[in-house]
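# A closer look at the structure
What follows is the residue order along each chain.
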Amino acid sequence: MTTTANPIDLSLYLVLDPDLCGGLDEMVSTAKIAAQNGATVVQLRAPQWKKRQWLLAAQDLKAALAPYNVPLIINDQLDIALAMDADGVHVGQQDLPASEVRRLLGPNKIVGLSTNGLAQFHEAEAMYQAGIIDYVGVGPVYPTGTKKDASPVIAVDEIAAMLQNRILPAVAIGGIQAGKVAHLMAQGFDGVAVVSAICGQADVAGATQGLLAEIHAAKGGTK
């Protein structure tokens, strides 16, 4: 059985929203502060942007995150990830197929895939076993307003079925705020992906530390 060669710490996965953060400079600052305070992954997601904006943002983010060894994942835009030698790409069910992303990125980059239901999750498990993807995002787990085309919220019993005896890393996403982390970790997720719980917060460092404390407590105090 082939499996991924690209492990990723999904504990606290920050998905950047440039509008919530207040623009490019503030977004880069948010990412840097979050990385300093324990965020383990940062994803750039800006569906309304033109390619040049993506490129400039990716350049700045890569430089800001490099000292902290926090991987930069690009949402959907494979060409930007290739141009910037980003750490990986995350795609949805309607984006470029994960198999094509893997073929073009090569074996040593991170590839993530969004899933919304048991059937998609099982398909993702086969892709994980084949070395195509490295992790999945599962959601939305709560109603969310930060992704306009979000799928319906997944029922609790379906999430339980997805995570039972799973073999691939999984991060919860969708409407996750402080105080909701322990419940999700108890369900069996490897981590949580957040947007507004960090982006746009008056105290980015404090917000990040608070989420990380919840994660560590849920994992039994381990880091």
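One can find the structure itself at the top, above this paragraph.
Now for a description of the structure that goes with this document. (Residues numbered from 1 in each chain as written. Predicted model: local features only at pLDDT ≥ 70, side-chain atom pairs only at ≥ 80, totals over all residues. Heavy atoms only, no water.)

### Brief notes about the pattern of salt bridges
The condition that has to hold: Whenever a carboxyl oxygen of Asp or Glu lies within 4 Å of a side-chain nitrogen of Lys or Arg, that contact is scored as a salt bridge. Segments assigned H or I by DSSP are reported as helices when at least four residues long, segments assigned E as strands when at least two residues long, and all are numbered from the N terminus. Exposure categories follow from relative accessible area, calculated using a 1.4 Å probe and restricted to protein chains: below 20% of the type maximum is buried, above 50% is exposed, and the middle band is partly exposed.
One pass over the structure, following the stated rule, counts 6 salt bridges. Note that aspartate 79 and lysine 51 form a salt bridge whose closest N and O atoms lie 3.1 Å from each other. With a gap of 28 residues between them, aspartate 79 in helix α4 (residues 78-84) and lysine 51 in helix α3 (residues 51-65) connect regions that are remote in the sequence. Across the pair aspartate 134 and arginine 102 runs a salt bridge whose closest N-O atoms are separated by 2.8 Å. In this pair, aspartate 134 is assigned in the loop between α6 (118-129) and β6 (135-138) and arginine 102 in helix α5 (residues 98-105), connecting sequence segments 32 residues apart. Of the two residues, aspartate 134 and arginine 102, both sit in the buried class. One connected set of salt bridges, linked through shared partners, spans Lys62, Asp85 and Lys109.

### Focus: the sheet that holds strand β7 (residues 170-173)
Sheet strands pair by backbone hydrogen bonding; their relative direction is either parallel or antiparallel. We apply this condition: The pairing criterion for strands is at least two bridges between them, as found by DSSP. Lines fitted to C-alpha atoms define the axes here, with helix axes fitted over just the stretch in contact, and angles between the N-to-C directions of these axes take values from 0 to 180 degrees. Throughout, a residue-residue contact means that at least one pair of heavy atoms, one from each residue, lies within 4.5 Å.
With parallel pairing, 8 strands are arranged side by side around a closed barrel as β1-β2-β3-β4-β5-β6-β7-β8. Neighbour to neighbour, the strand axes of the sheet diverge by 25° on average, direction disregarded. Summarising the sheet, β6 and β7 pair through 3 bridges and their orientation is parallel. Within β7, the position partnered with glycine 137 by the bridge is valine 171. Strands β1 (12-16), β2 (41-44) and β3 (72-75) of the sheet are contacted by α3, whose axis makes an angle of about 160° with β3. In the packing of α6 onto the sheet, the strands contacted are β5 (110-115), β6 and β7, and the crossing angle to β5 comes to about 165°.

### A closer look at the environment of histidine 216
One can find histidine 216 in helix α9 (residues 204-218). Spatially, the C-alpha atom of histidine 216 lies 8.8 Å from that of serine 11, the residues being 205 residues apart in sequence.

### Side note on the pairing of strand β4 (residues 88-91)
Note the cut-off: Crossover handedness is defined here as right-handed if the route from the first strand over the helix to the second strand goes clockwise, with the strands pointing away from the viewer.
Of the two faces of β4, the one lined by Gly88 and His90 and the one lined by Val89 and Val91 are each fully buried. In terms of strand pairing, β3 meets β4 through 3 bridges, oriented parallel. Among the inter-strand pairings, isoleucine 73 is bridged to a residue of β4, identified as glycine 88. Assessed by its sense of winding, the connection that carries the chain from β3 through α4 to β4 is right-handed. Relative to β5, β4 runs parallel, the two sharing 4 bridges. For histidine 90, the partnering residue across the bridge sits in β5 and is glycine 112. For the crossover from β4 across α5 to β5, the handedness is right-handed.

Keep in mind these numbers describe shape, not what the thing actually does.
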